[in-house]
Amino acid sequence: MAEQPNQIFDVAIVGAGVVGCAIARKFALEGASVVLLEKGADILSGASKANSAILHTGFDAPPASLELACMKAGHAEFLAIRQRLNLPVLETGAIVAAWDDEQLARLDAVEERAHANGVTDVRRISRVEILAREQRLSGAVLGGVLVPGEHVIDPWSTPLAYARQAAAHGACFVFGAEVGEAKRRDDLWLLRTPKGAIRARVVVNAAGLFGDRLEQLAFERSAFEIRPRKGQFVVFDKQAAALLGTILLPVPTEQTKGVVIARTIFGNLLVGPTAEEQDDRCRAAVDEQTLNDLTAFAARMVPDLRDMPVTAVYAGLRPATEKKDYRIASDPAKGWITVGGIRSTGLTAALGIATHVFDLFRAFGLSRSPPQDIIWPMVPNLAEHLPRDCTLPGCGEIVCHCERVTRREIEQALQGPLPAGDTGGLKRRTRAGMGRCQGFYCQADVAEIAGGRLASAAATPTRAP
Ligand SMILES: Cc1cc2nc3c(=O)[nH]c(=O)nc-3n(C[C@H](O)[C@H](O)[C@H](O)COP(=O)(O)OP(=O)(O)OC[C@H]3O[C@@H](n4cnc5c(N)ncnc54)[C@H](O)[C@@H]3O)c2cc1C
């Protein structure tokens, strides 16, 4: 960000996860002046860098919850805008599959909840119909519920597109800017960061796993406590993607959505996530026993997975709290909006959350004129089912052969608005180093192209053990 010591922003958003990026986009499109402060070297340095990448319908969400409302709004808006941002979708649908009599008995309730939640195309599906759709599934399946609107999306290009559209409409992104002090004086917030002090009329706390800490910093107390919940994943080799077309979901419980088996937009098949409480807010370690259990679990349902090579394993941390629903609240007198506890559904709900947060902001009485012409920056396509750069003229040499990443893709990710800030950010923008060899062959070439422009960051995913 260019030094702007005298600038007063309408809103300072703390945290460039998917939620902060979507909020920045919404506020910029409504004409507000926006600064987004992120302690990492790039967007998606927290919870948003590792998830299951499912665009949920909300069929199993708690009825009448804010989470349900934001998911439904987010799902609809994503599908309405995605083509203008060049965001891919795999319209897989999902099957909630029952594997024992107890689960079978709960399927009626799953269908009823879906209809009550307004997801009316959800319907019971027989064992015969399931096996006709999914011929590599184990014959032990007893029945299910079909959820046609559950899809797979790109977990990294999606928030990048939101961030780029925000930047195209004037939003400033400041990285390496951990907010270490927040003071309110004369109706303005003064936020101190290693990159300088920022003044803003309103603060939006989208700090994810550190949301409660930011509340304590500003007010010496927080209405919620973050309790990180780890989810581990196994990513199977690309040949596994042919084994399953539809997302396979377990019968949900009140506690968890459970472990899913789903294709990825990048042409793999994943199984996960687990749900493990931990104190550490930063470290998302994988362990061999859990990964073996996940692989065995997947192979019980899709037997051909038993001998399938594993490309990668990874884990993410959900910013869960002591309560299930989102912790979104606004205080116009203090010029503060809290967006906390966006636990398991933030990728889906981000656009809906952003609209809800802007509606709260309207009550602060700051009216601005939206821009006349909306800019729609297109993000590069990384989806395997659509034409990749390596098939297009002038792409230059392929640098990462596992993921077919070209020199042009890497160079473009290092330039322009919001270039990759660290090695993890470059991987998420290009997929270089995320394939079978996990960067063994291309790491040196990628580093040479980057030419010292990147900070190092923990790789996502990590190599299979
Ligand atoms: C295992 C797992 C599976 C999931 N699966 C799905 C799914 O399939 N579909 C779906 O819709 N959702 C899914 N999610 C949920 C989704 O990933 C999260 O809801 C979402 O990432 C939360 O985003 P956030 O922006 O609130 O938080 P974060 O991504 O954590 O962003 C907060 C940012 O704030 C920054 N920050 C923190 N403190 C400060 C400070 N003081 N100053 C400056 N910056 C700060 C952090 O560095 C971070 O980048 C899953 C999550 C996990 C972990």
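Residues numbered from 1 in each chain as written. Predicted model: local features only at pLDDT ≥ 70, side-chain atom pairs only at ≥ 80, totals over all residues. Heavy atoms only, no water.

Help me understand the nonpolar core in this model?
In a soluble, globular protein the nonpolar side chains are often hidden away together inside. Within the largest apolar cluster, 88 residues are counted, with the highest numbers of intra-cluster contacts made by Tyr162, Phe173, Val339 and Ile353. The greatest single-element share of this core, amounting to 10 residues, is contributed by helix α9 (residues 346-362). Among residues more than four places away in sequence, those in contact with Ile353 are Val19, Cys70, Tyr326, Ile328, Val339 and Ile342. Residues Leu244, Val259, Val302 and Met308 belong to the second largest nonpolar core, which totals 26 residues. (Core = buried A, V, L, I, M, F, W, Y, C linked by side-chain atoms within 4.5 Å. Buried < 20%, exposed > 50% of the residue type's maximum accessible area, 1.4 Å probe, protein only. Helix = DSSP H or I, 4+ residues; strand = E, 2+ residues; numbered from the N terminus. Contact = heavy atoms within 4.5 Å.)

What should I look at first to understand the sheet that holds strand β3 (residues 54-55) in this one?
Think of a sheet as strands paired side by side through backbone hydrogen bonds, with each pair either parallel or antiparallel. Pairing in this open sheet of three strands is antiparallel, and the strands run β3-β8-β4 from one edge to the other. Single-partner strands in this sheet number two, and they are β3 and β4 (89-90). Where β4 meets strand β8 (residues 151-153), two bridges bridge the pair, whose relative direction is antiparallel. Looking across to β8, one finds that Val89 is bridged to Ile153. (Pairing = 2+ DSSP bridges.)

Looking at this structure, how should I read the pattern of salt bridges?
Pairing is possible between side chains of opposite charge, provided their charged atoms come close. Within the structure shown, the criterion is met by 27 salt bridges. Measuring nitrogen to oxygen at the nearest pair gives 2.7 Å for the salt bridge that ties Glu403 to Arg431. Note that Glu403 is positioned in the loop between β21 (398-400) and β22 (405-406) and Arg431 in the loop between α11 (423-430) and α12 (443-450), a separation of 28 residues in sequence. For the pair Glu403 and Arg431, a shared accessibility class is recorded, and that class is buried. Linked through salt bridges whose partners overlap, the residues forming this network are Glu384, Arg388, Arg404 and Glu409. (Salt bridge = Lys/Arg side-chain N within 4 Å of Asp/Glu carboxyl O.)

What is the right way to look at helix α8 (residues 288-301) in this model?
Residues separated by three or four positions in an α-helix point in the same direction, a consequence of the helix having 3.6 residues per turn. Here α8 contains 14 residues, and its C-alpha end-to-end distance of 20 Å stays within 8% of the 20 Å for a straight helix at 1.5 Å per residue. Taken residue by residue, α8 has Thr290, Leu291, Leu294, Thr295, Ala298, Ala299 and Met301 as its buried positions. Residues of α8 that are buried sit in contact with β13 (229-236), β14 (247-250), β15 (260-263), β16 (269-272), β17 (276-277) and β18 (310-318). (Expected span 1.5 Å × (residues − 1).)

Explanation requested: the packing of helix α2 (residues 66-85) against α9 in the structure shown.
Two quantities define a packed helix pair, namely the angle between the axes and the distance from one axis to the other. Running from N to C, α2 and α9 cross one another at 105°; their axes reach a closest spacing of 6 Å. Taken together, the axis directions place α2 and α9 in an arrangement best described as roughly perpendicular. Listed contacts from α9 to Leu66, Cys70, Met71, Ala73, Gly74, His75, Glu77, Phe78 and Ile81 of α2 are Thr348, Ala349, Leu351, Gly352, Ile353, Thr355 and His356. (Axes fitted to C-alpha atoms, helices over the stretch in contact; angles between N-to-C directions. Parallel < 35°, antiparallel > 145°, perpendicular 65-115°, else oblique.)

Quick question: what am I supposed to make of the site of the ligand here?
Taken together, 40 residues are adjacent to the ligand, and Glu38, Ala47, Ser48, Ile342 and Thr348 come closest. Between the ligand and Glu38, the relevant distance is 2.6 Å, taken from an oxygen atom to a side-chain nitrogen or oxygen of the residue. At 2.9 Å, a backbone N or O of Val179 approaches a nitrogen atom of the ligand. Here the ligand, which alone exposes 1,000 Å², has 97% of that area covered by the protein. Of all the secondary structure elements, the ones that give two or more residues to the shell around the ligand are α1 (18-29), β2 (34-38), β13, β18 and α9. Its residues placed into classes, the shell around the ligand shows 20 nonpolar, 15 polar and five charged. (Near = heavy atom within 4 Å. Polar contact = N/O pair within 3.5 Å; in protein donor to acceptor, adjacent residues only side chain to side chain. Areas by Shrake-Rupley, 256 points an atom, 1.4 Å probe, with all protein chains shown as cover. Nonpolar A, V, L, I, M, F, W, Y, C, P; charged D, E, K, R; others polar.)

Explain the environment of Ser138 to me, please; I cannot follow it from the model alone.
Looking at the secondary structure, you find Ser138 in the loop between α5 (127-133) and β7 (143-147). Relative accessible area serves as the criterion here: at 12%, Ser138 is assigned to the buried category. Separated by 87 residues in sequence, Ser138 and Asn51 place their C-alpha atoms 26 Å apart. What Ser138 contacts, discounting residues up to four positions off in sequence, is Trp99, Leu131, Arg300, Met301 and Pro303. At a separation of 3.0 Å, a polar atom in the side chain of Ser138 contacts the main-chain amide nitrogen of Ala140.

Help me out: how do you make sense of unusual backbone geometry in this one?
Leaving glycine aside, a negative phi is the common case for residues, and trans is the common case for peptide bonds. Between Gly272 and the following residue, Pro273, the backbone shows a cis peptide bond with an omega angle of -5°. As for its position among the elements, Pro273 is in the loop between β16 and β17. Phi is positive for Ala64, which is not a glycine, with a value near 60°. Residue position: Ala64 is located in the loop between β3 and α2. Within the chain, Asn86 stands out as a residue other than glycine whose phi angle is a positive 65°.

When you look at the confidence of the model for the chain in this model, what are you seeing that I'm missing?
In low-pLDDT regions, the fine details of the predicted coordinates are not to be read closely. Taken as a whole, the chain shows an average pLDDT of 94; of its residues, 96% reach a score of 70 or greater. In this model residues 458-465 is a low-confidence stretch, pLDDT under 50, and it forms 25 contacts with partners more than four residues away in sequence or in other chains. (pLDDT = per-residue confidence, 0-100.)

Even after reading the chapter, I still don't get the packing of aromatic side chains, so can you show me in this structure?
Each pair of aromatic rings is reported with the distance of its centres and the angle of its planes. In the structure shown here, the tally under the stated rule is 11 aromatic pairs. Every member of this aromatic cluster is reached through a ring pair, and the members are Phe27, Phe358, Phe361 and Phe364. Residue placement shows Lys39 over the ring face of Phe210; its charged tip is 3.5 Å from the ring centre. Stacked on the ring of Phe210, the Lys or Arg Arg281 has its end atom at 5.8 Å from the ring centre. (Phe/Tyr/Trp six-rings, centres within 6.5 Å; stacked < 30°, edge-to-face > 60°. Lys NZ or Arg CZ within 6 Å of the ring centre and 35° of its normal.)

How should empty space enclosed by the protein be read in this particular structure?
Empty space among the atoms becomes visible once a probe the size of a water molecule is rolled across them. Considering all chains together, one arrives at two cavities of 30 Å³ or more under this definition. Taken as a whole, the largest cavity spans an internal volume of roughly 200 Å³. Lining the largest cavity we find 19 residues, and of these Trp156, Val235, Thr264, Phe266 and Tyr314 sit closest to its centre. The greatest single-element share of the lining of the largest cavity, amounting to three residues, is contributed by β18. In terms of residue class, the lining of the largest cavity is made up of 11 nonpolar, five polar and three charged. The volume enclosed by the second largest cavity comes to roughly 40 Å³. Taken together, Ile43, Leu44, Trp156, Leu160, Gly425, Arg428 and Arg429 make up the full set of residues lining the second largest cavity. With three residues, α11 is the largest single contributor of residues to the lining of the second largest cavity. Its residues placed into classes, the lining of the second largest cavity shows four nonpolar, one polar and two charged. (1 Å grid on protein atoms, 1.4 Å probe; cavity = no way out; pocket = protein on both sides within 12 Å on 5 of 7 lines; lining within 4 Å. Points joined across faces, edges and corners; volume = space filled by probe spheres on them.)

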